[in-house]
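# Tertiary structure, described
This is what each chain is made of:
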Amino acid sequence: MPNVGRIVAVSGPLVTAAFEQPVVQNEVGYAEVDGLRLKAELIRVRGDTADLQVFEDTTGLFVGGRLEFTGEMLSAELGPGLLGLVVDGLQNPLVELAEASGYFLARGQYLAPIDRERFWAFTPSVEAGASVRAGDALGTVPEGVVEHRIMVPFGWTGWWTVREVAEAGDQRVDDVVATLEDEAGRTRQVTMVQRWPVKVPIQAYRERLRPDRPLVTKIRIVDTLFPVARGGTYCIPGPFGAGKTVLQQLTSRHAEVDVVIVAACGERAGEVVETLREFPEIVDPRTGRSLMERTVIVCNTSSMPVAAREASVYTAVTVAEYYRQMGLHVLLLADSTSRWAQALREVSGRLEEIPGEEAFPAYLESVVAAFYERGGLVSLRDGSTGSVTIGGTVSPAGGNFEEPVTQATLKVVGAFHGLSRARSDARRYPAIDPLESWSHYAGVVDADDIALARTVLQEGNEVAQMMKVVGEEGTGLDDFVSYLKAEYLDGAYLQQDAFDDVDGASSAERQAVVFGEIARVLRAALRLDGKDAARRWFQTLTQATKEWNRAPWGEEAFDAGRDRVRELLEGVRGDA
Amino acid sequence: MHKAYTRLERIAGSVVAVKAPDATYRELAQVSWPGGTSLAQVIRLDGERAFLQVFAGGRGLPTDARVRFLGRPMRVPASDALLGRVFDGAGRPRDRGPEIEEEGVDIAGPSVNPAKRIIPRTMVRTGIPMIDVFNTLVESQKLPIFSVPGEPYHELLARIALQAEVDRIVLGGMGLKHDDYLYFRDTLEEAGALARTVAFIHTAADPTVECLLVPDMVLAVAERFALRGERVLVLLSDMTNFADALKEVAITMEQIPSNRGYPGDLYSQLAARYEKAVDFDDAGSITILAVTTMPGDDVTHPVPDNTGYITEGQFYLRDGRIEPFGSLSRLKQLVNGTTRDDHRALMNTMIQLYAAYRETLEKRAMGFRMSEWDEQLLRYGVGFEERLMDLEVDLPLESALDVGWALLAECFEPEQTGLASALIERHWPAR
Ligand SMILES: Nc1ncnc2c1ncn2[C@@H]1O[C@H](COP(=O)(O)OP(=O)(O)OP(=O)(O)O)[C@@H](O)[C@H]1O
Ligand SMILES: [Mg+2]
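Residues numbered from 1 in each chain as written. Chains lettered and ligands numbered in written order. Predicted model: local features only at pLDDT ≥ 70, side-chain atom pairs only at ≥ 80, totals over all residues. Heavy atoms only, no water.

Further remarks concern the sheet that holds strand S11 (residues 137-143) of chain A. All names here are of chain A. Taken together, the four strands give an open sheet; going across it, the order is S12-S11-S9-S14, and neighbouring strands pair in antiparallel fashion. The open sheet is flanked by strand S12 (146-151) and strand S14 (169-171), the only strands paired with a single partner. Recorded for the sheet is a direction-independent mean angle of 40° between the axes of neighbouring strands. As paired elements, S11 and S12 share six bridges and run antiparallel to each other. Looking at the pairing, glutamate 143 lines up with valine 146 of S12. Running at roughly 95° to S12, helix H5 (residues 307-324) makes contact with S11 and S12 of the sheet. (Pairing = 2+ DSSP bridges. Helix = DSSP H or I, 4+ residues; strand = E, 2+ residues; numbered from the N terminus. Axes fitted to C-alpha atoms, helices over the stretch in contact; angles between N-to-C directions. Contact = heavy atoms within 4.5 Å.)

If you look at the interface, chain A gives 76 residues, while chain B gives 84 residues. Interface of chain A and chain B: buried area, both sides summed, is about 6600 Å²; carbon and sulfur atoms make up 52% of it. Interface area lost by chain A to chain B is led by Tyr103, Phe240 and Arg427 of chain A, which between them contribute 14%. Of all the secondary structure elements, the ones that give two or more residues to the side of chain A that touches chain B are strand S1 (3-11), helix H1 (94-101), helix H4 (269-278), helix H6 (337-350), helix H10 (447-470) and helix H13 (531-549) of chain A. With eight residues, H13 of chain A is the largest single contributor of residues to the side of chain A that touches chain B. Here the side of chain A that touches chain B is composed, by residue class, of 30 nonpolar, 20 polar and 26 charged. In terms of strand pairing, S1 of chain A meets strand S5 (residues 36-46) of chain B through two bridges, oriented antiparallel. When the bridges of S5 of chain B are listed, valine 10 of chain A appears paired with leucine 45 of chain B. (Buried area = accessible area lost by both parts, 1.4 Å probe. Nonpolar A, V, L, I, M, F, W, Y, C, P; charged D, E, K, R; others polar.)

With that out of the way, let us pick up the environment of tyrosine 488 of chain A. Residue and element names in this part refer to chain A. Considering the arrangement of structural elements, one finds tyrosine 488 in helix H11 (residues 477-494). Relative accessible area serves as the criterion here: at 1%, tyrosine 488 is assigned to the buried category. Distance from tyrosine 488 to valine 141, taken between C-alpha atoms, is 51 Å for residues 347 residues apart in sequence. Those residues in contact with tyrosine 488, other than ones at most four positions away along the chain, are Tyr493, Ile518, Val521, Leu522, Phe538, Leu541, Thr542, Thr545 and Val565. (Buried < 20%, exposed > 50% of the residue type's maximum accessible area, 1.4 Å probe, protein only.)

Residue and element names in this part refer to chain A. A surface patch of like charges, here negative, comprises Glu459, Glu462, Asp478 and Asp479. Inspection of the secondary structure puts glutamate 459 in helix H10. Note on glutamate 459: relative accessible area 37%, which makes it partly exposed. (Patch = residues over 30% accessible without salt bridge, like charges linked within 9 Å, V, L, I, M, F, W, Y side chains within 5 Å. Areas by Shrake-Rupley, 256 points an atom, 1.4 Å probe, with all protein chains shown as cover. Salt bridge = Lys/Arg side-chain N within 4 Å of Asp/Glu carboxyl O. Lys, Arg positive; Asp, Glu negative; His and termini not counted. Charge placed at Lys NZ, Arg CZ, Asp CG, Glu CD.)

Our next topic: the pairing of strand S3 (residues 27-33) of chain A. Residues and elements named next belong to chain A. The buried count for S3 comes to six of seven residues, which makes it a mostly enclosed element. Sheet analysis places S3 next to strand S6 (residues 66-73), joined by four bridges and oriented antiparallel. What sits directly across from glutamate 27, in S6, is methionine 73. For S3 and strand S4 (residues 36-46), the ladder comprises six bridges, and the chain directions are antiparallel. From the neighbouring strand, valine 28 faces S4, where its bridge partner is glutamate 41. Where S3 folds back on S4, the antiparallel hairpin that results is connected by two residues, among which aspartate 34 adopts a positive phi of roughly 45°.

Looking at the assigned domains, one finds that chain A contains domain 1 (3-73), domain 2 (82-106 + 205-439), domain 3 (119-192) and domain 4 (447-572). Taking only C-alpha atoms into account, the centre of domain 3 of chain A sits 56 Å from that of domain 4 of chain A. (Domains from an automatic or database assignment.)

Glancing now at the packing of H10 of chain A against H11 of chain A. Residues and elements named next belong to chain A. Interaxial distance between H10 and H11 falls to 8 Å at its minimum, and their mutual angle equals 120°. Viewed along their axes, H10 and H11 adopt a mutual orientation that is oblique. Of the two possible hands of crossing, H10 and H11 adopt the one that is left-handed. Facing H10, whose interface residues are Ala453, Val456, Leu457, Glu459, Gly460, Val463, Ala464, Met466 and Met467, H11 presents Asp479, Phe480, Ser482, Tyr483, Lys485, Ala486, Leu489 and Leu494. (Parallel < 35°, antiparallel > 145°, perpendicular 65-115°, else oblique. Left-handed = near helix turned anticlockwise from the far one by under 90°.)

Let's shift gears to a nonpolar patch on the surface. Residues and elements named next belong to chain A. Residues Met466, Val469 and Val470 make up a contiguous nonpolar surface patch of about 240 Å² in total accessible area. Position of valine 469 among the secondary structure elements: in helix H10. Since its relative accessible area comes to 60%, valine 469 is described here as exposed.

Counting residues in hydrophobic clusters, the biggest one holds 77 residues, and the most contacted among them are Tyr488, Leu489, Leu526, Trp537 and Phe538 of chain A. No other element matches the 10 residues that H11 of chain A contributes to this core. Shared between two domains, this core takes at least three residues from each, and those domains are domain 2 (82-106 + 205-439) and domain 4 (447-572) of chain A. Counting residues in hydrophobic clusters, the runner-up holds 74 residues, among them Leu143, Ala158, Leu317 and Leu334 of chain B. (Core = buried A, V, L, I, M, F, W, Y, C linked by side-chain atoms within 4.5 Å.)

To continue, consider the sheet that holds strand S13 (residues 160-165) of chain A. Residue and element names in this part refer to chain A. Taken in spatial order, the four strands make up an open sheet running S10-S13-S15-S16, and their pairing is antiparallel. Each end of this open sheet is capped by a strand with a single partner; those strands are strand S10 (131-132) and strand S16 (187-190). For S10 and S13, the ladder comprises two bridges, and the chain directions are antiparallel. What sits directly across from valine 132, in S13, is tryptophan 160.

On to the packing of helix H6 (residues 266-274) of chain B against helix H7 (residues 302-310) of chain B, then. Residue and element names in this part refer to chain B. Contact pair H6 / H7: the axes reach a minimum separation of 9 Å and the direction vectors enclose 50°. Classified by the angle their axes make, H6 and H7 are oblique. Considering the relative orientation of H6 and H7, their crossing is right-handed. Contact with H6, carried on its side by Leu266, Tyr267, Leu270, Ala271 and Tyr274, involves Pro302, Val303, Asn306, Thr307, Tyr309 and Ile310 of H7 and no other residues of that element. Taken together, the residues of the contact of H6 with H7 break down into nine nonpolar, two polar and no charged.

Turning our eyes to something else, we now look at the state of the cysteines. Formally, a disulfide is one covalent bond, and it connects the sulfur atom of one cysteine to the sulfur atom of another. All names here are of chain A. Tallying each qualifying case throughout the model produces zero disulfides over all chains. Lacking any disulfide linkage, cysteine 265 is separated from the closest cysteine sulfur, that of cysteine 299, by 11 Å. A relative accessible area of 0% places cysteine 265 in the buried class. (Disulfide = S-S within 2.5 Å.)

When you line up the elements, glutamine 539 of chain A lands in helix H13. The buried category is assigned to glutamine 539 of chain A, whose relative accessible area is 13%. Residues in contact with glutamine 539 of chain A, not counting those within four places in the same chain, are Trp373, Glu415 and Gln416 of chain B.

On to the pattern of salt bridges, then. Residues and elements named next belong to chain A. Scanning the model with the defined rule gives 71 salt bridges over all chains in all. Among the salt bridges present, the one from lysine 199 reaches glutamate 41, with a minimum N-O distance of 2.8 Å. Placement of lysine 199 in the loop between strand S17 (194-197) and strand S18 (207-209) and of glutamate 41 in strand S4 is noted, with a sequence separation of 158 residues between them. For glutamate 41, a relative accessible area of 1% gives the class buried. Where glutamate 570 meets arginine 520, a salt bridge forms, and the shortest distance between an N and an O atom there is 3.6 Å. You can see glutamate 570 sitting in helix H14 (residues 556-572) and its partner arginine 520 sitting in helix H12 (residues 508-523), a full 50 residues away along the chain.

Attention now goes to the environment of glycine 71 of chain B. All names here are of chain B. Mapping glycine 71 onto the fold places it in the loop between strand S7 (66-69) and strand S8 (75-76). The spacing of glycine 71 and aspartate 22 is 49 residues in sequence and 9.7 Å in space, taken between C-alpha atoms. In this view, glycine 71 contacts His2, Glu27 and Leu28; residues no more than four positions away in its chain are not counted.

Turning our attention to the site of ligand 1. Residues in close proximity to ligand 1 total 19 residues, the closest being Gly241, Lys244, Thr245 and Val246 of chain A together with Arg330 of chain B. In this structure, ligand 1 is bordered by residues of chains A and B. At 2.8 Å from an oxygen atom of ligand 1 is found a main-chain nitrogen or oxygen belonging to glycine 241 of chain A. Between an oxygen atom of ligand 1 and a main-chain N or O atom of valine 246 of chain A, the distance comes to 2.7 Å. When the free accessible area of ligand 1 is taken as 630 Å², the share hidden by the protein chains comes to 95%. At the level of elements, helix H3 (244-254) of chain A together with H7 and helix H8 (332-335) of chain B are the ones that each hand at least two residues to the shell around ligand 1. Considering each element in turn, the shell around ligand 1 owes the most residues, three residues, to H3 of chain A. Across the shell around ligand 1, the residue classes break down as nine nonpolar, five polar and five charged. (Near = heavy atom within 4 Å. Polar contact = N/O pair within 3.5 Å; in protein donor to acceptor, adjacent residues only side chain to side chain.)

Encoded structure:
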């Protein structure tokens, strides 16, 4: 007997239903209209009515309508075949959905994300009689570039004995690959798919470790000055148009990780299209395979139903944790966490909860913190390590970082890449503000050189501020050179041309070499004959260094570029 | 078949409540009373009570007005019969032409499946260097013009509309001044474009909330045309009036405002409209150009701010010119890699130098001595404004790029520009 409630109120994405049998917080329900079943999640119970957020357009719902409770929490399906998929926030595969219902996202259409008919080459990794626990591998299948572990479902508690395990051979995801028996002698069958409630972290690991290795993004200002760590968290707040999405797109391409999950949350559909159309064509230099094979796109773009934005970030992080359990390094990029926060605000408003700052709900901070806590580096029970790195963009109202979502995020992340309007207006890309941003993680270049770079940027900025008051004529040559050094570091190194094939992605080795040369310039005492001459010389040096940045690594032009920079420096060194 | 009710339990602003147990969410109703008639839409159901937003507003509404539910959401006719016609904010003819009797299409329909979209590839040429060179407009882009009232934004809209090679123009007016509407009509007519245009015009004289339906009707019609394979240009003015109408309704419904009285879902509401811009996999496209006036010339005001987060860039109109800063076309990189080899580099370099020129202006205003470099920048800045920024300038992209090189060569030495030497060899004009 299904547990059926009756709708008593409808307000936007929120429906209220009266129920008789027990219901469960966060369980999924289906509101019925015109023969369709609209998926919803129970988010509050008061007396004998339950409030549910509907993940679809609620047009046509009516008081007295049926609402069926399922008893199951909102869950993701996990198994081989997720890589390369483009799914919505509820994990419906969009390409298949387009085949089924055409141009538009018809509501009430739900398809399983994982292909049921496809065969996977299963190799067992345990034998009958072995003792296993949730998360332990029973076998593997090759999934593109990844060795996909088929694991004991994460929700199975206690120890299990393997009674039977399939031999090496082709299996479909619903085929039984193992039979396990628990301590009480009950047996259960394991297939290659499992379901997991998206709002609950997967914790089938030995322990959490401190993120200590850099995650190379190939973006110089990030890797050199404000590094991200494998298993770390970071955020990119910035006003509209400052370059958050471009940064994430570049990172999703070039980052040195095994799997990338792109969570497009409440942003433009066009941006997702760029990724989903281009990635299959781009070869990943690390694997020689298409980038799409290491990517999962979870998208709930801005015109898709608001309530499903929340589902999309949780679905994304659950898939990330799942691949982490295989000993892989996973990067989750969420653009934009503010849209998810706004969805919380919208639903909270409809629930008539007491609002906090800017009408965001009072629990915003704890929700944001809990989300970023799902990032981390872990050691698994077989000794391997895996990680989930989370990078989220934030879209503060009016570009002002003193707002609740930015502030809540800054409290919990390990690195902050703040984008500045002044820099993006001046086309100084990436527009990460080198004075405001910070990172708690270790980077890829020499630490002394980094300290030097920071000092140079600080001093340059001080001189620039001073020049606004006293003018260039009131500034001494030494100060003026400090200013030019900071401008040089910015123009020739921190700025990077995203659209140049070579300059667009700078490897860690390359950064170490180039930054080493730049540090020599920053350290050197220079013999320059007056301010105009100093400016000229730095313009020429900047030009030469930019040229060097466009020379491919390992080619003659690269060496020539370095020689040219050295030659320029030798020409004016005062301390030689 | 559908029931009618004749007792309004509550009237507040443009929202009324009526006891109607069989109403469905977002359903349309016809409200009539001796003084008038209006469409209304269910915006909330609570027990037996339905809350409706009356598009003509609540003024003069009696408690015994008759509310007849229509059992369907709002529809709009969308055939070729619309071409050359003008309708009002409720979809009634505004031009003395006949009613269009058609089944029509639902407005505010579902989103396009991202998998059915393609990456836009076609540049829209406007002959305006600030657009073509620096902020290239691309077919299927959604782009607002940010401006204070009084700027020539309608002239700019009309100029782009007539220059662009599109099959259909759908014009939506929200709180439009009647004169502005006549301006559009006359301009389109003179250019012979009226016959491929449909207009939905809500004027400043009409009830405020009646403009809420305009974008949805316009976009539903545009979507129909685009699905037939046509390239459609949608013009909307002024989206700030639309947002203000949303605010009015939200306040009447006692929703907790998020920012300066605007509802927390302003972003989603605007996005639902702008995201209708599309380049279909195997059909036509919709390009949206909208006017967003900025109260107090403040881009951080919630309307331009939320808009900027949704659209694919913006043209920032100030002092009769498109500002290089603040203006942005996010789709430019999809097309400017294949226009001419120097396009991208020149675009960035010229803007960086213009930014430096602005700093020099500040220094000069402070009375500081101008260095050699400052003098170069001053020459450059003036030339840039006269030869490229002025909206009078009408040049094809390639000529505008040539003007750019000539200007650089007049003011700078090649290495001062930071441009790649390969480009300089190819394009730097010989003295
Ligand atoms: N690194 C870069 N190199 C060159 N151009 C860039 C770079 N970053 C951003 N841009 C330019 O700025 C535009 C806007 O960038 P982007 O879409 O990433 O902004 P955003 O911060 O995500 O804005 P929103 O919050 O509105 O989504 C891009 O379309 C591009 O034209
Ligand atoms: Mg973005």
